[in-house]
Amino acid sequence: MEEAGDEQRVLTFQRLRAAVHYTAGCLCQDVAEDKGVQFSKQAVAAIAEITFRQCGTTFGCFLIICRHAKRSTVNSEDVKLLARRSNSLLKYITQKSEELTSNNMEQKEKKKKKSSAAKGRRTSEEQEAPVSESEDSNMA
């Protein structure tokens, strides 16, 4: 039973590594077209491997941070904490985080307005509802 789980993890790991390699290749191709340079297959493979290893290191750091904070969820502050070594990356992540927060607030406001408008319509409809014949007879 445990072997099946290990085998599944290995397959998942291989698929993830292949996805990183594919994405690195696509990005290198985009840069090559944009900048007029070429990347050898070995360079693409090296970039993919470095990226994969860095992601593993970053993931390990997130585990340590969450364990230290007694949490199981990585939040934006954790990401900023790891990005602090690079001022430009920290600035970019902070900007994106603020944009996301702003967008989320706007979405919440829109939902709140929609639900308030719907409640307002229901309340006015209830007040203006005509009296039915059965209610008429009950009043008499």
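The structure we're discussing is the one just above.
Residues numbered from 1 in each chain as written. Predicted model: local features only at pLDDT ≥ 70, side-chain atom pairs only at ≥ 80, totals over all residues. Heavy atoms only, no water.

Asks: How would you sum up a nonpolar patch on the surface? Please name residues and give values.
Replies: A cluster of nonpolar side chains, contributed by Val 31, Val 37, Phe 39 and Ile 47, occupies part of the molecular surface with about 280 Å² of accessible area. Assignment of secondary structure puts Val 31 in helix 1 (residues 2-35). (Patch = residues over 30% accessible without salt bridge, like charges linked within 9 Å, V, L, I, M, F, W, Y side chains within 5 Å. Areas by Shrake-Rupley, 256 points an atom, 1.4 Å probe, with all protein chains shown as cover. Salt bridge = Lys/Arg side-chain N within 4 Å of Asp/Glu carboxyl O. Helix = DSSP H or I, 4+ residues; strand = E, 2+ residues; numbered from the N terminus.)

Asks: Give a description of helix 3 (residues 76-83) that names residues and reports values.
Replies: Two residues of an α-helix separated by three or four positions point the same way, owing to the 3.6 residues in each turn. Every buried residue of helix 3 is listed here: Asp 78, Lys 80, Leu 82 and Ala 83. A distance of 3.0 Å separates the backbone nitrogen of Glu 77 from a side-chain oxygen at the start of helix 3, and that oxygen is part of Asn 75. (Buried < 20%, exposed > 50% of the residue type's maximum accessible area, 1.4 Å probe, protein only. Polar contact = N/O pair within 3.5 Å; in protein donor to acceptor, adjacent residues only side chain to side chain.)

Asks: I'd love a proper account of the state of the cysteines, names of residues and values included.
Replies: Here the structure, examined in full by the defined rule, presents zero disulfides. Just so you know, Cys 28 is unpaired, no disulfide at all, and the nearest cysteine sulfur is the one on Cys 26, 9.4 Å from it. (Disulfide = S-S within 2.5 Å.)

Asks: Pulling in residues and values, what's your account of the side chain of Asp 78?
Replies: Mapped onto the elements, Asp 78 comes out in helix 3. Engagement of the side chain of Asp 78 in a polar contact is seen with the side chain of Arg 71, the distance being 2.9 Å.

Asks: Could you give an account of the packing of aromatic side chains, with specific residues and numbers?
Replies: Aromatic ring pairs: the centre-centre distance and the angle between the two ring planes describe each pair. Summed over all chains, the structure comprises one aromatic pair. Where Phe 13 meets Phe 52, the ring centres are 5.1 Å apart and the plane angle is 80°; that geometry is what we call edge-to-face. Of this pair, Phe 13 sits in helix 1 while Phe 52 sits in helix 2 (residues 41-68), and the two are 39 residues apart along the sequence. According to the relative accessible area criterion, Phe 13 is partly exposed, its value standing at 42%. Using a relative accessible area of 10% as the deciding quantity, one classes Phe 52 as buried. (Phe/Tyr/Trp six-rings, centres within 6.5 Å; stacked < 30°, edge-to-face > 60°.)

Asks: Break down helix 2 for me, with residues and values.
Replies: With 28 residues, helix 2 should reach 40 Å at 1.5 Å per residue; the first-to-last C-alpha distance of 41 Å fits that figure. Taken residue by residue, helix 2 has Val 44, Ala 48, Phe 52, Phe 62, Ile 65 and Cys 66 as its buried positions. Count one or two residues on from helix 2 and you reach Lys 70, which has phi positive near 55°. (Expected span 1.5 Å × (residues − 1).)

Asks: Can you break down the pattern of salt bridges residue by residue, with the values?
Replies: By the definition in use, this model includes seven salt bridges. Residues Arg 71 and Asp 78 are paired through a salt bridge, measuring 2.9 Å at the closest nitrogen-oxygen approach. Through salt bridges with shared partners, one network takes in Arg 17, Glu 49 and Arg 53.

Asks: Please provide a residue-by-residue account of the packing of helix 2 against helix 3, values included.
Replies: Where helix 2 contacts helix 3, the axes come no closer than 11 Å and their chain directions differ by 125°. Taken together, the axes of helix 2 and helix 3 are oblique relative to one another. In the packing of helix 2 onto helix 3, the handedness of the crossing is right-handed. Within the contact between the two elements, helix 2 uses Thr 58, Cys 61, Phe 62, Ile 65 and Cys 66 and helix 3 uses Asp 78, Val 79, Leu 81 and Leu 82. (Axes fitted to C-alpha atoms, helices over the stretch in contact; angles between N-to-C directions. Parallel < 35°, antiparallel > 145°, perpendicular 65-115°, else oblique. Left-handed = near helix turned anticlockwise from the far one by under 90°. Contact = heavy atoms within 4.5 Å.)

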